[in-house]
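Fold and contact review
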Amino acid sequence: MILLKNGMVYLSNDKKIIKADVLIEKKVIKKIAPSIDEKNAEVIDCAGMHIFPGFVDMHCHLREPGYTYKEDIASGAASAAKGGFTSICCMPNTKPAIDNLSTLDYIMRKARDVGKTKIFVIGAMSKGIEGKEIANIATLVKGGVVGLSDDGNCIQVAKLQLNVMRYASIYDIPMICHSEDYSLSGDGQVNYGYMSTKLGLPGIPTLAEESMVSRDIMLADVTGSRVHIAHASTKRTVELIRQAKKDGIKVTAEVTPHHLVLNENACDGFDTNTKMKPPLRSEEDRKSLLEGLLDGTIDVIATDHAPHSDYEKELEFMKAPFGVIGFESAFPVLYTTFVKTDLIKLEELIDRMTSKPANIINKEVGELKEGAAADLNVFNLDESFTFDESEILSKSKNSPFIGMNMWGKIYYTMCDGKFTWKV
Ligand SMILES: [Zn+2]
């Protein structure tokens, strides 16, 4: 047994933080109470620390199989654990893509062997995520995928997307849509507008995202399927989702920490760690994302952890791949930027990183309550540190937050009652 004493504990049922002890027996949270005495337990003093439910990330890339020089299931799981995550969902743009049972089984088996975090798998919408033919959705769903996505790609042909959604509406499973019209985004590198002009780079207009968001909302309306808009980045995307929710369409959405914290000005200086899809947008867009998160239009914060190796990111801006890592910085960046400045309540931030994503993928994870799996993390919110490249556990170091001073140092992560990260 393990007894966490005197922590500030977030209770998932009440969305409230109280001072309490937490007793863990085997894989389960046995008891949460103001004071617990248990002679046989290993006691860990958590005075001055916060105990949260393990974070749930519904959007990440583990790169295995196919690109293990960027990340693999073991390094990704270790990185997630160090960020306080106990459940993560990996996207299907691996090689081969996760459009078949053998790749799905391989990942699920490997994840169980590694054991550092619960790994759920998102299956492909189209075969090979090529946007040409519908994937074998029934097989993938039976195999245990928790969502469908061609993330990294976006199905351009509306008729195919309609068929995917019609098919998926049979199952209670979200369609996770990376919304991008390639005829509009073209070879764009950064947000279209001031920054693309200043840097002399081709721009990605907000319309490339918004036109697809609007299409997919309409298709969701027609088919009755559940649509989840991945990494929302523009003001009009937020408005479209807000209206769709009012209209009773089954739509949910996520935003990433980097889109919430940074704007396109971060790209000034050609740092390829600021190159991602969708691109960092204007300050007006960023503010709308925050507003959308606060009023519930945007349900979830997801990392979109997208590792790329040094030699890929050290190319000139035009040639470097899109994407940034996110597990190890997500909570401290959000806590520092929004909770310490009173823009977001701590309880609200935890909710958006635990129960909300768990509900969308329909899994009973990320809950701190008696009887639930012992998935949790322990942070000292009064301790600051510099986000240092040498301490990153991901195989890749492509983070725009390297060098940033952050509050909220993680001490422990526990998954199914086992420590998966310890300082
Ligand atoms: Zn994406």
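Just so you know, these numbers come straight off a predicted model, no measurement behind them.

Regarding its fold elements, the protein presents 14 helices and 18 strands. Against the compact-globule benchmark of 22 Å for 423 residues, the protein has a radius of gyration of 21 Å, which places it among compact chains. Taken along the three principal axes of its C-alpha coordinates, the protein extends 65 × 45 × 45 Å. In the protein, which comprises 423 residues, the proportion classed as buried is 62%. Within the protein, residue pairs in contact and separated by at least 24 positions form 75% of the contacts whose partners lie at least 6 positions apart. Put simply, the protein shows about 16200 Å² of open surface, and 50% of that area lies on carbon and sulfur atoms.

Take the side chain of threonine 274 next. Tracing the backbone through its elements, the reader meets threonine 274 in the loop between helix H9 (257-261) and helix H10 (283-294). The exposure class assigned to threonine 274 is buried, which follows from its relative accessible area of 5%. A polar side-chain atom of threonine 274 sits 2.6 Å from the main-chain carbonyl oxygen of aspartate 271. Apart from the residues within four sequence positions on either side, threonine 274 is in contact with Ala266, Cys267, Leu280, Phe317 and Pro400.

Those donors, Asp151 (OD), His178 (ND1) and His231 (NE2), are the protein atoms that reach the zinc ion, and they lie 2.1 to 2.5 Å from it. In primary-sequence terms, the residues that donate to the zinc ion follow D-x26-H-x52-H. With a gap of 53 residues between them, histidine 178 in the loop between strand S10 (174-177) and helix H5 (182-185) and histidine 231 in the loop between strand S13 (226-229) and helix H8 (235-246) connect regions that are remote in the sequence. Owing to a relative accessible area of 3%, histidine 231 belongs among the buried residues under this scheme.

Bringing the pattern of salt bridges into the picture now. Overall, the coordinates contain 24 salt bridges when judged by the stated rule. As a salt-bridge pair, glutamate 133 and lysine 127 come within 3.2 Å of each other at their nearest N and O atoms. Several salt bridges converge on common partners, so that one network encompasses Lys15, Glu348, Asp351, Arg352 and Lys356.

Across the 11 residues of strand S17 (residues 405-415), 8 count as buried, placing the element largely inside the fold. Of the strand pairs in this sheet, strand S16 (residues 376-386) and S17 are connected by 8 bridges, and their pairing is antiparallel. Following the sheet pairing, serine 384 is matched in S17 by tryptophan 407. As defined by bridge partners, S17 adjoins strand S18 (residues 418-422) across 4 bridges and the pair is classed as antiparallel. When the sheet's bridge partners are listed, methionine 414 is paired in S18 with phenylalanine 419.

Thresholds, definitions, all that
Counting restarts for each chain: residues are numbered from 1 in the order of the written sequence. Given that the model is predicted, a residue must reach a pLDDT of at least 70 before its local features are reported, and side-chain atom pairs must reach 80 or more before they are shown or counted; all residues, however, enter totals for whole chains, interfaces and linings. Values shown for side chains rest on all heavy atoms present in the structure; no hydrogens or waters enter the calculation. Here a strand is any run of E in DSSP of at least two residues, a helix any run of H or I of at least four, and the numbering for each starts at the N terminus. The globule rule used here is 2.2 Å times the number of residues to the 0.38 power, and the radius of gyration it is set against is calculated over C-alpha atoms. The buried label applies to any residue whose accessible area, calculated with a 1.4 Å probe on protein chains only, is under 20% of its type's maximum; exposed applies above 50%, and partly exposed to all values in between. Throughout, a residue-residue contact means that at least one pair of heavy atoms, one from each residue, lies within 4.5 Å. Areas reported as accessible are Shrake-Rupley estimates using a 1.4 Å probe. Residue values count occlusion only from the protein chains shown. Pairs of N or O atoms within 3.5 Å make up the polar contacts considered here, provided that, within protein, one atom can donate a hydrogen while the other can accept it, and that residues adjacent in sequence are counted only when both atoms are side-chain atoms. Listed donor atoms are N, O and S within 2.8 Å of the metal (Na, K and Ca: 3.2 Å). As water is not included, a site may look incomplete. Salt bridges are defined by distance alone: a side-chain nitrogen of Lys or Arg within 4 Å of a carboxyl oxygen of Asp or Glu. For two strands to be treated as a pair, DSSP must find at least two bridges joining them.

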